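# Chains, contacts and geometry: an overview
Okay, here's what each chain looks like letter by letter:
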Amino acid sequence: MKKEKKQKYEQDTWDIAKDMFLLSAGSYFLSIALAYVIRVVLAYIVFPGIGAVVPAVDEFFTHGSREERDAFNIMAYDICLLVSFFISMYVLAPFASNMKTIFIKFEKGEFISPMKGLIHHFKYNAVCMFTVVLELSLIGVLLQNSFGGGPFSLLFRYFDGLGCALIIAALTFIAQVICILPTQKRWLIDYYIGED
């Protein structure tokens, strides 16, 4: 009896490109929209609520100098942008269809340990992952220099272009690593309830 040769699964280049675009450009622009929403919620709901309880906060917003309030607004918005970047990566990661297909195909719907999940991600998605890191570093630097805004504005106040690119790369890598384990759990749940 002749043994059947096991076929190696080949990823479709177009699917990889869609995942890269979703995770790089999608997270960049979604983070800008989310930051605006977070900023509005903070300005009109959270800070007035805190001001009602803590008189010093109310005093700052009603009697503080314009320069102090402007500096606070800029810093608060920059922090909102940075936080929203991680949120947007968390929101968009489950929609990376190629990564989902590979994960389900190779893990065959089994629940795996966090370490095995990370190893799987690095083994099968390393190219996509590092391309997203590179793309976001370039997008961040180019758009910041062109338009002066984006999720990484805070970094550009304190670092030069190369330093910012390296920090953006590190933050993007960290965001992907943080998001992959909950994403893999969601893919398994989708698989078991038949949405895959």
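Our subject in this report is the structure included herewith. Along each chain, residue indices are assigned from 1 in the same order as the chain's sequence is written. Side-chain atom pairs in this predicted model are given and counted only at pLDDT of 80 or more, local residue features only at pLDDT of at least 70, and totals for whole chains, interfaces and linings cover all residues. The side-chain quantities take in all heavy atoms of the structure and omit both hydrogens and water.

### Things to note about the overall build of the chain
Scanning the chain from terminus to terminus reveals seven helices and zero strands. Secondary structure elements are defined from DSSP: runs of H or I of at least 4 residues count as helices, runs of E of at least 2 residues count as strands, and each element is numbered from the N terminus. Each helix and strand of the chain, placed in order from N terminus to C terminus, yields the pattern α-α-α-α-α-α-α. The globule rule puts the C-alpha radius of gyration for 196 residues at 16 Å, and the 21 Å found for the chain is more than 25% above it. Along the three orthogonal principal directions, the C-alpha set of the chain runs to about 85 × 40 × 25 Å. Each of the 196 residues in the chain was classed as buried or not, and the buried ones make up 36%. By the convention used here, residues are in contact when the closest approach between their heavy atoms is within 4.5 Å. Sequence separation of 24 or more characterises 80% of the internal contacts of the chain that already satisfy a separation of 6 or more. For every accessible area listed, the method is Shrake-Rupley and the probe measures 1.4 Å; residues are considered covered only by the protein chains on display. As presented, the chain carries roughly 12,100 Å² of accessible surface, and 67% of it is formed by carbon and sulfur atoms. Counting 17 positive and 18 negative side-chain charges, the chain places the averaged centre of each group 13 Å from the other. Here the globule rule is a power law, 2.2 Å times the number of residues to the power 0.38, and the radius of gyration is based on C-alpha atoms. For every residue, the accessible area (1.4 Å probe, protein chains only) is compared with the maximum for its type, and the residue is labelled buried under 20%, exposed over 50%, or partly exposed between those bounds. Positive residues here are Lys and Arg, negative ones are Asp and Glu, while His and the chain termini are left out of the count. To locate a charge, take NZ of a lysine, CZ of an arginine, CG of an aspartate or CD of a glutamate.

### Notes on the side chain of H121
For H121, the position within the fold is in helix α5 (residues 114-147). With a relative accessible area of 3%, H121 lands in the buried category. Those residues within four positions of H121 in sequence are excluded, and the remaining contacts are M99, A126, M129, I180 and Q184.

### Re the nonpolar core
Nonpolar side chains in soluble globular proteins generally cluster together in the buried interior. Remark: nonpolar core denotes a set of buried residues (Ala, Val, Leu, Ile, Met, Phe, Trp, Tyr, Cys) joined through side-chain atoms within 4.5 Å. Ranked by internal contacts, the top residues of the largest apolar core, which has 30 residues, are M89, L136 and F152. Secondary-structure elements contributing two or more residues to this core are α1 (13-53), α3 (66-92), α4 (97-107), α5, α6 (153-158) and α7 (161-192). At nine residues, α7 tops the list of elements feeding residues into this core. The contact partners of M89, leaving out residues within four places of it in the chain, are L23, S27, L136, T172, A175, Q176 and C179.

### Some remarks on α4
At 3.6 residues per turn, the α-helix brings residues three or four places apart onto the same side. Within the sequence span of α4, burial applies to N98, M99, K100, I102, F103, I104 and E107. Trailing α4 by a residue or two, K108 shows a phi angle of about 50°, which is positive.

### Examining the packing of helix α2 (residues 55-63) against α3
Close contact between α2 and α3 brings their axes to 8 Å; oriented N to C, the two are set at 110°. With respect to α3, the element α2 is oriented roughly perpendicular. On α3, the residues that touch F60, F61 and T62 of α2 are E68, R69 and F72. Residues are grouped as follows: Ala, Val, Leu, Ile, Met, Phe, Trp, Tyr, Cys and Pro are nonpolar; Asp, Glu, Lys and Arg are charged; all remaining types, including Gly, are polar. Looking at the contact of α2 with α3 residue by residue, the class counts come to three nonpolar, one polar and two charged. Axis lines are fitted to C-alpha atoms, over the contacting stretch for helices. Their N-to-C directions set the angle, which ranges from 0 to 180 degrees. Our angle categories are set so that under 35 degrees counts as roughly parallel, over 145 as roughly antiparallel, 65 to 115 as roughly perpendicular, and the remainder as oblique.

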